[in-house]
Amino acid sequence: MSVEVEAVGTSEAAPAALHVPVLLEETMAVLRPERGGRFVDATVGAGGHAEALLERGPAVRLLGLDRDPGALAAASLRLVRFGARVELRHAPFSGLAAAVGGEPVDGLLADLGVSSMQLDDPARGFSWRGDGGPLDMRMDPTAGAPLGEVLAGLDDEALAEALRTLGEERHARRVARAVRRALDSERGIADTAGLARVVRAAAGGALGGGRGDRWRRAGRVDSATRTFQALRMLVNDETGELRALLDAAPRLLAPGGVLCVISFHSGEDRPVKQAMRALVDGGGFERLTRKAVQAGDDEAARNPRARSAKLRAVRRAA
């Protein structure tokens, strides 16, 4: 197996072992790995979908990409048993075409959004849950500016606009002013727990003290969720990266090749839906999913992350 990531110790195996890929059977049904060929998992993460592709397609060769070096390290442990059939590379969506090279692709999968591994590691600063972590949120810790630096360069209006467009936050202006005041105060905002408290107070939601966990158990959405989503998307330029994926992917497919994208909120699903519709309307592609495929009740109960997942797929004409 070719892996362009640093070796890791056995302690890194746990995230891969615990990772549960969403919409697994539905993904396999549209990608059909049993036909063999070259497949790309553009968000390989801990390797759950990639493992299934390789297991169910003995003639599959897989290129796994991720912008998170930690995810690649976890995937390398999970997929090592497949040997030379697997190649892993460190690349964002904007580097997809260069990473894939000139050989056409028979199946391309992108599972969007933030991974459970990233959310569950406080040191990455993605989540409003728990005791908090640093103001970072970078999917690739080796590149770009962390959240703290990004926030320092935004005024009220720019921050409010980001919260509105990326997080669909109803109280964007109020939250932006509160965050800006807190950042400019003597105490500042030290970590994600402090940021969540400021956001909840401004948005009229739960006020720290662990109440966010009780909100989830009651089936309610914590009022910091949309702001954290927006800030994560801003830090990682997720809109620009998704645009790069949807532009490059169709051109990389072989005749009969399938593009499959799993999204988790309207800001992701909307451009995916529009791009796939344009491909079908323009000729040369057929829709494999009449409407977005969503998790059934059993999967949603087993894996809460699957509740918001939507799968769409198109196939290039043979």
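Data block above holds the structure.
Criteria and thresholds
Residues numbered from 1 in each chain as written. Predicted model: local features only at pLDDT ≥ 70, side-chain atom pairs only at ≥ 80, totals over all residues. Heavy atoms only, no water. Buried < 20%, exposed > 50% of the residue type's maximum accessible area, 1.4 Å probe, protein only. Helix = DSSP H or I, 4+ residues; strand = E, 2+ residues; numbered from the N terminus. Pairing = 2+ DSSP bridges. Contact = heavy atoms within 4.5 Å. Salt bridge = Lys/Arg side-chain N within 4 Å of Asp/Glu carboxyl O. Core = buried A, V, L, I, M, F, W, Y, C linked by side-chain atoms within 4.5 Å.

### Comments concerning the pairing of strand 6 (residues 253-263)
Two faces, one strand: in a regular strand the side chains alternate between the faces of the sheet. Among the 11 residues of strand 6, 10 are classified as buried, and the element is accordingly described as predominantly covered. The pairing of strand 5 (residues 105-111) with strand 6 spans six bridges and is parallel. Bridging across to strand 6, G107 finds its partner in V258. Bridge count between strand 6 and strand 9 (residues 310-316): six bridges; the pairing is antiparallel. When the sheet's bridge partners are listed, I262 is paired in strand 9 with L311.

### What about helix 12 (residues 225-235)?
For helix 12, the buried fraction is high: eight of the 11 residues fall into the buried class. Of the surrounding secondary structure, the elements contacted by the buried residues of helix 12 are helix 7 (147-152), helix 8 (156-167), helix 9 (172-184), helix 10 (192-203), helix 13 (238-252) and helix 14 (266-281). Positioned one or two residues after helix 12, D237 has a phi angle of 45 degrees, which is positive.

### A word on the environment of L245
Tracing the sequence through the fold places L245 in helix 13. C-alpha separation for the pair L245 and L96, spaced 149 residues apart in sequence, amounts to 7.1 Å. Residues in contact with L245, not counting those within four places in the same chain, are F93, L96, L108, A110, L112 and P250.

### A closer look at the pattern of salt bridges
Applying the stated criterion across every chain, the model contains 21 salt bridges. Across the pair E51 and R78 runs a salt bridge, and its minimum N-O distance is 3.1 Å. Of the two residues, E51 sits in helix 3 (residues 48-56) while R78 sits in helix 4 (residues 69-79), which places them 27 residues apart along the sequence. By the burial criterion, E51 is buried, and R78 matches it. Close ionic contact of R138 with D136 constitutes a salt bridge, the shortest N to O distance being 2.8 Å. Relative accessible area serves as the criterion here: at 15%, D136 is assigned to the buried category.

### Observations concerning the nonpolar core
If you look at the biggest cluster of nonpolar residues, it comprises 33 residues, and the most contacted ones within it are L147, L159, L163, V179, L195 and L231. Contributing elements (two or more residues each) for this core: helix 7, helix 8, helix 9, helix 10 and helix 12. If near-sequence neighbours (up to four positions away) are discounted, L159 is found in contact with L151, L154, A176, V179 and L231. The next biggest cluster of nonpolar side chains, apart from the first, holds 28 residues, and it includes L54, A75, F82 and V258.

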